[in-house]
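Residues per chain are reported as follows:
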Amino acid sequence: MTVQHINTHRKFNIGTIVNNKLCIHCGACYSICPVSAIAWNEGRRKPNVIDKECINCELCLKVCPSHNIYRNYKLLYKDFSSYLMGPVLETYLAWSKNTRLRFDASSGGFVTQLLLDLMELKLIDGAIVTIPDDKRPYLARTIIAEDSHKILEAKGSKYTISSPGLLIKELFNRDGRYAVVGLPCHILMFKKAEKLFPKLKNKIALHIGLFCGHTAYPTLYYWILYKELKPKSNKKIEVTSIRYRGSGWPGYLEITLSDGTKLRRPYDYWISTYFSSMLFTPYRCLLCNDSTAELADIAVGDPWIDFLKKKDRMGKSLVVIRSTRGKRYFMQAAKVGSITYIKIPNKIILHAQKTNIVFKKMKIKYRLRFSKSEYSKHIGYENIYKQFDIQESAIENLLSSVSSIILMLTLHNNFIKNVVVSMPKHILRFFSKFIFLTLLYSSTYNRILASGR
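## Re the overall build of the protein
Of regular secondary structure, the protein possesses 23 helices and 13 strands. Against the compact-globule benchmark of 22 Å for 453 residues, the protein has a radius of gyration of 21 Å, which places it among compact chains. Dimensions of the protein along its principal axes, counting C-alpha atoms only, are 55 × 55 × 55 Å. Just so you have it, the protein exposes about 19900 Å², and 54% of that area is on carbon and sulfur atoms. Looking at the protein, you have 69 positive and 34 negative side-chain charges, and the mean spots of the two groups are 4 Å apart.

Structure representation (structure tokens):
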């Protein structure tokens, strides 16, 4: 990368993002800084700018998925339907024919099987995937997997922050073509990086995006352990392994401690009681409007459809083909014969991902309105609502406003957060359900579903 020295007294860099709590901890800024003016705090998974070294080239901002977000999405939204779902060519239910993989993975093992098949066909040389950290399994570590063993190690969702952008520097020095598997914000980050560096674009063959409501800091799982196990001593809890999903669908949270103690809780329980409270959620997640990986070539998530939730215990993936490249890779992998797939109407996305779409599309305006971050006012989402004129009833406006204020205050005020964190479980469940119901109910969206619009 060419270093360009810019003479200016004004420093506008990734520090602006970090100071406004908009960092998603992806690590891309650290990888692409041409003068090493950004240090990486591995413990906190956060960049630190060395101001005296910064040349103000603003490359760190140009690659950051929290800077000028709307600019990257506005061309996708041709009408209200595309605003809700993103670009859609075809939609499938798909799953691996390997029953062990399907049982152990999060939702049918489709992504893992797809990567294995693409590597077998030599269409990719490896994939950027996330695995538990060797020494600290409650942390996620993103790697470049170039063999089936590492691909299989990455199976299953990781409900915590990860830093795939740290691998950009390594990708520059590798030969071959790779698939990227990541959350919507990670896909956005790679897309922005590819625009800046054509060499990187030539190395990424496929973008596989994972549906996402929000992620969480690793602290969440220690909180869950203390709430569920209620340790009597002050002895530090040491986690030796953690699985967020698996053992069927929708699966279980399974945490093993160094003393042999095991915690196993059903997905619906730990999500509704703890995860949905959003107490340990990165602030940037609350200002995101992409839950279904709209910039990916192939987007994948859980099909939360009533008849599947009642009958399916092995799991299936909802697969959204978003580009011609995605379709080509999907069809070539399907010929291997390791994947079962059924084509379904595109509109099923609106039913299967109703919760996340309402939260991120219909209700984001309330969180933007009450956000304390001045920088969030410049990310541009306000223009979306003027464009599509999303209207809600007076009572919905009131409830959504109240719950948004409570959520924002809780995340910003340590005293309030500590009060909520120390609540008994039954009160905590009430708090989570109140936030969940008020921020995820939309009569407007229900009318859209009923009308088939």
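Structure shown, so let's carry the discussion forward.
## So, the pairing of strand E2 (residues 46-49)
Where strand E1 (residues 38-41) and E2 come together, 4 bridges link them in antiparallel fashion. Bridge pairing in E2 links Asn41 to Lys46. Remark: 4 residues form the turn of the hairpin made by E1 and E2, two consecutive strands paired antiparallel; Arg45 in that turn has positive phi of roughly 50°.

## Side note on the sheet that holds strand E13 (residues 339-344)
By way of backbone hydrogen bonds, the strands of a sheet pair with one another, either parallel or antiparallel. Pairing is mixed in the open sheet, where 8 strands are placed in the order E5-E4-E6-E7-E11-E12-E3-E13. On the outer flanks of this sheet lie strand E5 (140-145) and E13, each paired with one strand and no other. For this sheet, the mean angle separating the axes of adjacent strands, direction not counted, is 25°. In this structure, strand E3 (residues 90-96) lies alongside strand E12 (residues 317-321), joined through 5 bridges in antiparallel fashion. In the sheet register, Leu93 faces E12, and the bridge partner there is Leu318. Seen against the sheet, helix H10 (residues 184-196) touches strand E4 (126-132), strand E6 (178-182) and strand E7 (204-210) and runs at an angle of roughly 155° to E7.

## Some remarks on the sheet that holds strand E9 (residues 252-257)
What the 3 strands build is an open sheet, ordered E8-E9-E10; its pairing is antiparallel. Every interior strand has two partners, whereas the edge strands, strand E8 (239-243) and strand E10 (262-266), have only one. Averaged over all neighbouring strand pairs, the angle between strand axes comes to 10°, with direction disregarded. As judged from the 5 bridges shared by E9 and E10, these two strands associate in the antiparallel manner. From the neighbouring strand, Leu253 faces E10, where its bridge partner is Arg265.

## Observations concerning the side chain of Thr292
Relative to the helices and strands, Thr292 resides in the loop between helix H13 (267-273) and strand E11 (298-301). Of the residues examined, Thr292 reaches a relative accessible area of 1% and is grouped as buried. Ignoring sequence-local partners within four residues, the contact set of Thr292 consists of Met85, Phe211, Ala299, Arg322 and Gln353.

## What about the packing of helix H20 (residues 394-412) against helix H21 (residues 414-421)?
Relative to each other, H20 and H21 sit at 100°, their axes nearing to 5 Å. The orientation of H20 relative to H21 falls into the category roughly perpendicular. Residues Leu409, Thr410 and His412 of H20 form the contact with H21, whose participating residues are Asn414, Ile416, Lys417 and Val420. Among the residues forming the contact of H20 with H21, the class breakdown is 3 nonpolar, 3 polar and 1 charged.

## Side note on the environment of Asn418
Among the structural elements, Asn418 can be located in helix H21. For Asn418 and Pro65, which are 353 residues apart along the polypeptide, the C-alpha to C-alpha distance reads 30 Å.

## Some details on the packing of aromatic side chains
This structure, assessed with the given rule, holds 22 aromatic pairs. Where Tyr77 meets Tyr83, the ring centres are 5.2 Å apart and the plane angle is 85°; that geometry is what we call edge-to-face. Taking 5.6 Å as the distance between ring centres and 75° as the angle between the ring planes, the aromatic pair formed by Tyr159 and Trp270 counts as edge-to-face. Here Tyr159 is found in the loop between helix H8 (148-153) and helix H9 (168-172), whereas its partner Trp270 is found in helix H13, with 111 residues between them in sequence. Here the basic side chain of Lys169 rests over the ring of Tyr30, its NZ or CZ set 5.2 Å away from the ring centre. Taking NZ or CZ as reference, Arg245 lies 4.5 Å from the ring centre of Tyr267, over its face.

## Focus: empty space enclosed by the protein
Considering all chains together, one arrives at 4 cavities of 30 Å³ or more under this definition. Estimates place the volume of the largest cavity at around 150 Å³. Ile24, Leu183, Cys185, Thr215 and Cys285 are the residues nearest the centre of the largest cavity, which is lined by 15 residues in total. Sorting elements by how many residues they give to the lining of the largest cavity places H10 first, with 3 residues. For the lining of the largest cavity, a count of residues per class yields 9 nonpolar, 4 polar and 2 charged. Roughly 90 Å³ of internal volume is contained in the second largest cavity. When its residues are assigned to classes, the lining of the second largest cavity shows 11 nonpolar, 2 polar and 1 charged.

## Things to note about the layout of surface pockets
Of the pockets and cavities examined, the second largest pocket occupies roughly 680 Å³. Lining the second largest pocket are 24 residues, with His25, Arg44, Lys46, Tyr217 and Pro282 sitting closest to its centre. Going through the elements one at a time, H20 and H21 are the ones with two or more residues in the lining of the second largest pocket.

## Structural notes on helix H15 (residues 324-334)
Structurally, the α-helix is built with 3.6 residues per turn, so residues lying three or four positions apart point the same way. Inspection of H15 places Gly326, Tyr329, Phe330, Ala333 and Ala334 among the buried residues, and these make up the whole buried set. Buried residues of H15, viewed axially, fall in a sector of 135°; they line one side.

## Regarding a positive patch on the surface
Residues Arg71, Lys74, Lys195 and Lys201 make up a contiguous surface patch of positive charge. Looking at where Arg71 falls in the secondary structure, it is placed in helix H4 (residues 69-73).

What counts as what
- Residues numbered from 1 in each chain as written.
- Predicted model: local features only at pLDDT ≥ 70, side-chain atom pairs only at ≥ 80, totals over all residues.
- Heavy atoms only, no water.
- Helix = DSSP H or I, 4+ residues; strand = E, 2+ residues; numbered from the N terminus.
- Rg over C-alpha atoms; globule rule 2.2 N^0.38 Å.
- Areas by Shrake-Rupley, 256 points an atom, 1.4 Å probe, with all protein chains shown as cover.
- Lys, Arg positive; Asp, Glu negative; His and termini not counted.
- Charge placed at Lys NZ, Arg CZ, Asp CG, Glu CD.
- Pairing = 2+ DSSP bridges.
- Axes fitted to C-alpha atoms, helices over the stretch in contact; angles between N-to-C directions.
- Contact = heavy atoms within 4.5 Å.
- Buried < 20%, exposed > 50% of the residue type's maximum accessible area, 1.4 Å probe, protein only.
- Parallel < 35°, antiparallel > 145°, perpendicular 65-115°, else oblique.
- Nonpolar A, V, L, I, M, F, W, Y, C, P; charged D, E, K, R; others polar.
- Phe/Tyr/Trp six-rings, centres within 6.5 Å; stacked < 30°, edge-to-face > 60°.
- Lys NZ or Arg CZ within 6 Å of the ring centre and 35° of its normal.
- 1 Å grid on protein atoms, 1.4 Å probe; cavity = no way out; pocket = protein on both sides within 12 Å on 5 of 7 lines; lining within 4 Å.
- Points joined across faces, edges and corners; volume = space filled by probe spheres on them.
- Arc of directions from axis to C-beta.
- Patch = residues over 30% accessible without salt bridge, like charges linked within 9 Å, V, L, I, M, F, W, Y side chains within 5 Å.
- Salt bridge = Lys/Arg side-chain N within 4 Å of Asp/Glu carboxyl O.

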